[in-house]
Amino acid sequence: MKQNLLRSFVVLSLLSVGSSGFGQEKSEVTGPVSQVFAKRGTVDLKVYVFSPPDGKAGPPRAAIVLCYGGGWVAGEPSWAFGRAQHFAERGMVAIAAQYRLSDQKEITPLNAADDAREAIRWVRSHAGELGVDPNRIAAYGWSAGAHLAACTAVFNTPTDTLISCAPNALVLVSPAVAASSDHWFRRLLGSKAKPEDLSPDEHVRPGLPPTVIVEGRQDTVTPLPGVQRFVDRMKAANNRCELYVFDGAGHLFTPVGTPDDGYPKPDPAIEAAAFSKLDTFLVSLGYMK
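Here's what I pulled together on the structure shown here. Given the structure is predicted, the values throughout are model-derived calculations rather than measurements.

A few words on the packing of helix H3 (residues 109-125) against helix H5 (residues 144-154). One way to put it is that H3 packs onto H5 with a least axis distance of 9 Å and a crossing angle of 65°. Handedness of the H3/H5 crossing: right-handed. Residue-level inspection shows Pro109, Ala112, Ala113, Ala116, Arg117 and Ile120 of H3 in contact with H5, the latter providing Leu148, Cys151 and Thr152. In terms of residue class, the contact of H3 with H5 is built from seven nonpolar, one polar and one charged.

Counting 91 residues, the largest nonpolar core has Ile64, Phe87, Val123, Tyr140 and Leu282 as the members making the most contacts within it. Looking at this core, the element that brings in the most residues is H5, giving eight residues. If we skip the residues at most four places from it in the chain, Leu282 touches Ile64, Phe87, Met92, Ala138, Val171, Tyr287 and Met288.

On to the side chain of Asp260, then. Of note, Asp260 is situated in the loop between strand S8 (241-246) and helix H8 (268-284). Residue Asp260 is classed as buried on the basis of its relative accessible area of 9%. Separated by 2.8 Å, the side chain of Asp260 and the backbone nitrogen of His251 make a polar contact. Sequence-distant contacts of Asp260, defined by excluding residues within four places in its chain, comprise Gln218, Asp219, Thr220, Val221, Gly250, His251 and Thr254.

Now for unusual backbone geometry. The residue after Gly31, namely Pro32, is reached through a cis peptide bond having omega 5°. By the secondary structure assignment, Pro32 is in strand S1 (residues 30-40). A positive phi is found at Ser143, a non-glycine position, where the angle reads about 55°. For Ser143, the position within the fold is in the loop between strand S5 (132-142) and H5. The backbone phi angle of Asn238 is positive, close to 65°, even though this residue is not glycine. With respect to the element layout, Asn238 can be found in the loop between helix H7 (224-236) and S8.

Here Gly69 is to be found in the loop between strand S3 (61-67) and helix H2 (81-89). A relative accessible area of 0% means that Gly69 is categorised as buried. Remark: the alpha-carbon pair of Gly69 and Trp142, spanning 73 residues in sequence, is separated by 5.3 Å.

Basis of the calculations
Residues numbered from 1 in each chain as written. Predicted model: local features only at pLDDT ≥ 70, side-chain atom pairs only at ≥ 80, totals over all residues. Heavy atoms only, no water. Axes fitted to C-alpha atoms, helices over the stretch in contact; angles between N-to-C directions. Helix = DSSP H or I, 4+ residues; strand = E, 2+ residues; numbered from the N terminus. Left-handed = near helix turned anticlockwise from the far one by under 90°. Contact = heavy atoms within 4.5 Å. Nonpolar A, V, L, I, M, F, W, Y, C, P; charged D, E, K, R; others polar. Core = buried A, V, L, I, M, F, W, Y, C linked by side-chain atoms within 4.5 Å. Buried < 20%, exposed > 50% of the residue type's maximum accessible area, 1.4 Å probe, protein only. Polar contact = N/O pair within 3.5 Å; in protein donor to acceptor, adjacent residues only side chain to side chain.

Taken by themselves, the reported measurements are silent on function.
Right, dumping it as structure tokens:
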């Protein structure tokens, strides 16, 4: 991810990717309802829960935990509220999760990945009260948030805790899954870790959850070759991994000819087509109506 993401993302008040419907007339979805899922020193990390219109009626539902993008240095859960609203309207329990932002000193993407894993554990451990099936939890993210979503699956071991942080599905938009080749990511990590140690494409193995990825062919921020490498390794390990590439679009479906390393300006038609692929994938798993 390019270094000037720090400058461009900090000025955002709301990330438009996936926010279609935010600010419009809402259905009977309940939310966002905030709860603290972890304490990090003096900081309370929160999740924001959106429940379907019919609440907890019927059997436990699939859940989706959303991680916003922002170059690991900017963002807030409200950036994911539009997407959360959409998934709740389609029958899922949607949870927008907060994580610590890198300060280029002590806090790095390592901490953000830890927070994303803890958010999955929290949802799984509170499945009963949320009306969630603990074996049907998807992790969703875009850009840097997609890196964190992927980390919840890739960097999970059976001895991690008694409650697994591994999601049962991954939904990734313009994902930073080849982070070891990202100079901005390297800078944020500093001496805390080797970039390849936190790069999902370097740690693909059998048994990872079914995954769907949507990506612009001309993406300059999370370039297609790195994403393709992740996909190829997933398939070689016999993991289900679907990749949909959209021509004429860069990062987060910004149309070619418009810089794609700043404020997202997605082409509405391309974005809608990409999001349709994500919905179809979740329907195929039985997670969504």
